[in-house]
Amino acid sequence: MIAAPESIPLHRSFFDRPVLEVAPDLLGRILVRTTDDGPIALRLTEVEAYAGPADPGSHAYRGRTDRNAVMFGPPGHAYVYFTYGMWHCLNIVCGPGGNPSGILLRGGEIIEGAELARTRRVSSRRPHDLAQGPARLATALDVDRTLNGADVCPDDPGASPFRVLAGTPADRASVRSGPRTGVGGEGAAHPWRFYIDGDPTVSPYRAHTPRRRVQGGAKGVERNA
């Protein structure tokens with residue numbers, strides 16, 4: 001059970017800041033996903049920042065499209081995308097409207113609703129790997145593109161499938177940063193992956209490996225948020 005003052009919802013102004021300020025400040029916060037079967041609460045332990053047009057690793061680097069339109073809207077909304085033809089990933093838009101920055105939620109600890117999460121993550125063998133990595137996190141929380149654009153800072157908690165609670169912010173001495181997982185090209189060196197050092201729910205770092213298409217042998221790069 002989440003106790004006050006940890007249960008106080010974060011205001012939209014929390015997300016209306018530069019992405020590199022918001023991202024490390026999200027560690028230790030609690031994302032609540034309300035489903036028809038009950039709530040699932042996740043303590044965030046790993047995130048990645050994506051800085052829009054200034055960031056070659058971002059989906060918004062080359063401008064607005066139907067896919068990334070939510071990133072160009074107001075802060076405090078969910079951006080959900082489908083990748084590799086298999087997985088969904090969950091991001092939170094931050095920064096002023098029109099400044100398309102986002103934070104990919106990479107890992108966390110399920111602190112409420114673990115049994116419900118396991119019904120979706122049936123391959124999970126240990127509690128710490130239920131939401132270890134962005135695809136696992138989205139799967140555990142039953143996130144897909146139907147939730148793209150959902151408000152994570154609703155005035156009425158019952159009006160949205162998401163809320164972000166204050167939780168207990170991570171001790172800054174325990175926060176580490178490094179290159180983002182799987183990002184290549186000019187954005188590869190940005191140390192914009194933030195995580196809580198030593199937490200077992202943090203996913204292993206993997207460097208970028210160029211993708212090869214089945215036909216034609218051409219290489220493709222999958223950007224993140």
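This text goes with the structure placed above it.
These numbers were taken from a predicted model, which means no experiment stands behind them.

Trainee: Can you tell me about the overall build of the protein chain, naming the residues and giving the values?
Mentor: The helix and strand tally for the protein chain stands at 4 helices and 10 strands. Ordered by position from the N terminus, the helices and strands of the protein chain form the series α-α-β-β-β-β-β-α-α-β-β-β-β-β. What you see for the protein chain is a C-alpha radius of gyration of 16 Å, in line with the 17 Å of a compact globule of 225 residues. Based on the C-alpha atoms only, the size of the protein chain along its principal axes is roughly 55 × 40 × 35 Å. Scored against the burial criterion, the 225 residues of the protein chain give a buried share of 52%.

Trainee: Please give an account of the packing of aromatic side chains that cites residues and values.
Mentor: Scanning the model with the defined rule gives 2 aromatic pairs in all. Their ring planes at 45° and their centres at 5.7 Å tell us that Tyr-79 and Tyr-81 sit as a pair that is tilted. When sorted by exposure, Tyr-79 lands in the same class as Tyr-81, which is buried. When the ring centre of Phe-14 is taken as origin, the NZ or CZ atom of Arg-17, which lies over that ring, is 4.6 Å away. Sitting over the face of the ring of Phe-162, Arg-33 holds its NZ or CZ atom 5.9 Å from the ring centroid.

Trainee: Please provide a residue-by-residue account of unusual backbone geometry, values included.
Mentor: Even without glycine at this site, Tyr-84 takes up a positive phi of about 55°. With respect to the helices and strands, the residue Tyr-84 is situated in the loop between β3 (78-83) and β4 (87-94). Residues other than glycine seldom take positive phi values, yet Asp-142 does so here, at roughly 55°. Its place among the elements puts Asp-142 in the loop between α4 (134-140) and β6 (162-165).

The rules behind these values
Residues numbered from 1 in each chain as written. Predicted model: local features only at pLDDT ≥ 70, side-chain atom pairs only at ≥ 80, totals over all residues. Heavy atoms only, no water. Helix = DSSP H or I, 4+ residues; strand = E, 2+ residues; numbered from the N terminus. Rg over C-alpha atoms; globule rule 2.2 N^0.38 Å. Buried < 20%, exposed > 50% of the residue type's maximum accessible area, 1.4 Å probe, protein only. Phe/Tyr/Trp six-rings, centres within 6.5 Å; stacked < 30°, edge-to-face > 60°. Lys NZ or Arg CZ within 6 Å of the ring centre and 35° of its normal.

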